[in-house]
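Take a look at the letters that make up each chain.
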Amino acid sequence: MAMGSMLCVQVGLAVAVALIDRIGVEGAAWLRLAWAGVLMLVIVRPRPAAFTRKTFLVCVALGVVTASVTMLFMAAAGRIPLGTASALEFLGPLGVAVANGKGGGRLLWPGFAAIGVVLLTSPWAGAVDPVGVLYALGSAVCWAGYILLTQRVGDEVAGINGLAVSMPVAGLVSTIVVGPTVLPRMTPEILLVGVGLAILLPVVPFALEMLALRRLNTAAFGTLMALEPAFAMLVGLIILHQVPGPGGVLGIFLVVAAGVGAARTGARSSPPVPAEVGS
């Protein structure tokens, strides 16, 4: 589920990056979030009985973090290569993995992943836009919060009802922040493309991530996300023609090894089954 999510994320991001020239970074981010919010409301139609006041507020917080991750990452992807942006963003999940890991493997797999991320980004080359790097690092901080909140929502709210609250909140936040500047750029054709884009990212991947976090602990999931920079580099090569160097290829192998190791050792002993409130 986590790997399927990552593939959807990177293909969706590649399509979104291709739209940046037409609607700008803010427009690409808003298009995904706004449509995702509408689709989740229509598909899931959450009932008030599925939430307590506390869980509803956690879902709202998840929505704010989701909007922040998306807008900051799109701003980064507009300035630096997709693989580099994803590698820097992975520092958030890596931090979660190190903080929540246990035993001898606490630093082993994240260590492999960290080395791979350094090779993917090649910071010594000095050719990366510093503003783009700052956007990606901001996205990394939000991504760490997203993992923790997503697991909590998945544990406490039945089904994907939590996403039916968090995604509309994310769409609303993005509309408030960038709506006035992006709405005049929209055309019927772009709005139609936005429906498919929202399904690729974030509707399907966020749902898969929530389900995956019911089965994996946050340390394993955070390390498993090391696979995302590798997916990003491959998608960037195929769709955006961003060719990796030898260091990037080696970095891919290291993060793949870290992701496989984390997935094999990080299953939760007893995945929770959320109950409907009032049932």
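The following refers to the structure shown. Given the structure is predicted, the values throughout are model-derived calculations rather than measurements. For every chain, the first residue of the written sequence is number 1, and numbering continues from 1 along that sequence. The model is predicted, so local features are restricted to residues of pLDDT at least 70 and side-chain atom pairs to those at 80 or more, both for listing and for counting; the totals for chains, interfaces and linings are taken over all residues. The basis for the side-chain values is all heavy atoms of the structure; hydrogens and waters are excluded.

1. Quick word on the packing of aromatic side chains
Next up, step 1: Within 6.5 Å between ring centres, the rings of Phe, Tyr and Trp (the latter by its six-membered ring) count as paired, and their orientation is classed by plane angle as stacked under 30 degrees, edge-to-face over 60, tilted in between. Using the criterion set out here, one finds two aromatic pairs in the structure.
Next up, step 2: Taken together, a centroid distance of 6.0 Å and an interplanar angle of 85° make the contact between Phe51 and Phe56 edge-to-face.
Next up, step 3: When its relative accessible area of 11% is taken as the criterion, Phe51 is described as buried.
Next up, step 4: Between Trp143 and Tyr146, the aromatic rings sit 4.7 Å apart at their centres with planes inclined by 15°, giving stacked as the arrangement. Highlighted residues: Trp143 and Tyr146, both in helix H6 (residues 130-156), separated by three residues, approximately one helical turn.
Next up, step 5: Think of it in three bands: with a 1.4 Å probe and only protein chains considered, a residue is buried below 20% of the maximum accessible area for its type, exposed above 50%, and partly exposed in between. Judged by relative accessible area, which is 5%, Trp143 ranks as buried. Helix and strand labels come from DSSP, where a helix needs a run of H or I of at least four residues and a strand needs a run of E of at least two; each type is numbered from the N terminus.

2. Remarks on the packing of helix H3 (residues 82-89) against H6
Next up, step 1: To obtain each axis, a line is fitted to C-alpha atoms, and for helices this fit is confined to the stretch in contact; angles are then taken between N-to-C directions over 0 to 180 degrees. Direction vectors running N to C along H3 and H6 enclose 45°, while the axes themselves pass 7 Å from each other. When the axis of H3 is compared with that of H6, the two are oblique. The two elements H3 and H6 cross, and the hand of that crossing is right-handed. Where H3 abuts H6, its residues Ala85, Leu88 and Glu89 lie against Val133, Ala136, Leu137, Ser139, Ala140 and Trp143.
Next up, step 2: Under the grouping applied here, Gly and all other residues not named as nonpolar or charged are polar, the nonpolar ones being Ala, Val, Leu, Ile, Met, Phe, Trp, Tyr, Cys and Pro and the charged ones Asp, Glu, Lys and Arg. When grouped by side-chain class, the residues that make up the contact of H3 with H6 number seven nonpolar, one polar and one charged. An angle counts as roughly parallel when it lies under 35 degrees, as roughly antiparallel when it exceeds 145, as roughly perpendicular when it falls between 65 and 115, and as oblique in every other case. Crossing handedness follows the turn of the near helix against the far one: under a right angle anticlockwise gives a left-handed crossing, and clockwise gives a right-handed one. The criterion used for residue contact is that any of the two residues' heavy atoms lie within 4.5 Å.

3. What to know about the nonpolar core
Next up, step 1: Buried Ala, Val, Leu, Ile, Met, Phe, Trp, Tyr and Cys residues form a nonpolar core when they are joined through side-chain atoms within 4.5 Å. Residues Leu31 and Tyr146 are the most contacted members of the largest nonpolar core, which totals 61 residues.
Next up, step 2: Secondary-structure elements contributing two or more residues to this core are helix H1 (2-44), helix H2 (53-77), helix H4 (91-100), helix H5 (105-121), H6, helix H7 (161-182) and helix H8 (188-212).
Next up, step 3: Take this core: its biggest share by element is 14 residues, from H1.
Next up, step 4: Among all residues touching Leu31, those that are not within four sequence positions of it are Leu19, Ile23, Met186, Ile190, Leu191, Gly194 and Leu197.

4. Comments concerning the packing of H2 against H6
Helix packing for two helices is described by the angle between their axes and how far apart those axes are.
Next up, step 1: In the contact formed by H2 and H6, the axes pass within 8 Å of each other and the chain directions differ by 155°. Classified by the interaxial angle, the pair formed by H2 and H6 is roughly antiparallel. Read as a crossing pair, H2 and H6 show a hand that is left-handed.
Next up, step 2: When the residues that make up the contact of H2 with H6 are grouped by side-chain class, the tally is 17 nonpolar, eight polar and three charged.

5. A word on the pattern of salt bridges
Next up, step 1: Every case where a carboxyl oxygen of Asp or Glu lies within 4 Å of a side-chain nitrogen of Lys or Arg is listed as a salt bridge. Counted by the stated rule, this structure contains four salt bridges.
Next up, step 2: Here Arg185 and Glu26 are joined by a salt bridge, their closest N and O atoms 3.9 Å apart. With Arg185 in the loop between H7 and H8 and Glu26 in helix H1, the pair connects residues that are 159 residues apart, well separated along the chain.
Next up, step 3: Given the relative accessible area of 32%, Arg185 is considered partly exposed.

6. Some points on a nonpolar patch on the surface
Next up, step 1: A cluster of nonpolar side chains, namely Val38, Leu41, Val42 and Ile43, defines an oily patch on the protein surface of about 370 Å² accessible area.
Next up, step 2: Here Leu41 lies in helix H1. Candidate patch residues must exceed 30% relative accessible area and have no salt bridge, after which like charges are joined if within 9 Å and Val, Leu, Ile, Met, Phe, Trp or Tyr side chains if within 5 Å. For the area figures, the Shrake-Rupley method with a 1.4 Å probe applies, and any residue is considered shielded solely by the protein chains shown.

7. Examining the environment of Arg79
Next up, step 1: Looking at where Arg79 falls in the secondary structure, it is placed in the loop between H2 and H3.
Next up, step 2: Under the relative-accessibility criterion, Arg79 is labelled partly exposed at 44%.

8. A look at the side chain of Ser174
Next up, step 1: Take Ser174: it is sitting in helix H7.
Next up, step 2: What Ser174 contacts, discounting residues up to four positions off in sequence, is Trp30, Leu33, Met71 and Gly179.

9. Focus on H6
Next up, step 1: To estimate the expected span of a helix, subtract one from its residue number and multiply by 1.5 Å. Along its 27 residues, H6 runs 39 Å from first to last C-alpha, staying within 8% of the 39 Å computed at 1.5 Å per residue.
Next up, step 2: Here a polar contact means two N or O atoms within 3.5 Å. Within protein one must be a hydrogen donor candidate and the other an acceptor candidate, and residues neighboring in sequence count only if both atoms are side-chain atoms. The distance from a side-chain oxygen at the start of H6 to the backbone nitrogen of Val131 is 2.8 Å, and the residue carrying that oxygen is Asp129.

10. Overview of the side chain of Thr55
Next up, step 1: Checked against the element boundaries, Thr55 lands in helix H2.
Next up, step 2: On the basis of relative accessible area, Thr55 is assigned to the buried category, the value being 9%.
Next up, step 3: Setting aside chain neighbours within four positions, we find Thr55 in contact with Glu156 and Val157.

11. Examining unusual backbone geometry
Negative phi characterises most residues that are not glycine, and trans characterises most peptide bonds.
Next up, step 1: Positive phi, normally seen in glycine, also occurs at Arg45, with a value near 45°.
Next up, step 2: Positionally, Arg45 belongs in the loop between H1 and H2.
Next up, step 3: Judged by its relative accessible area of 64%, Arg45 is exposed.

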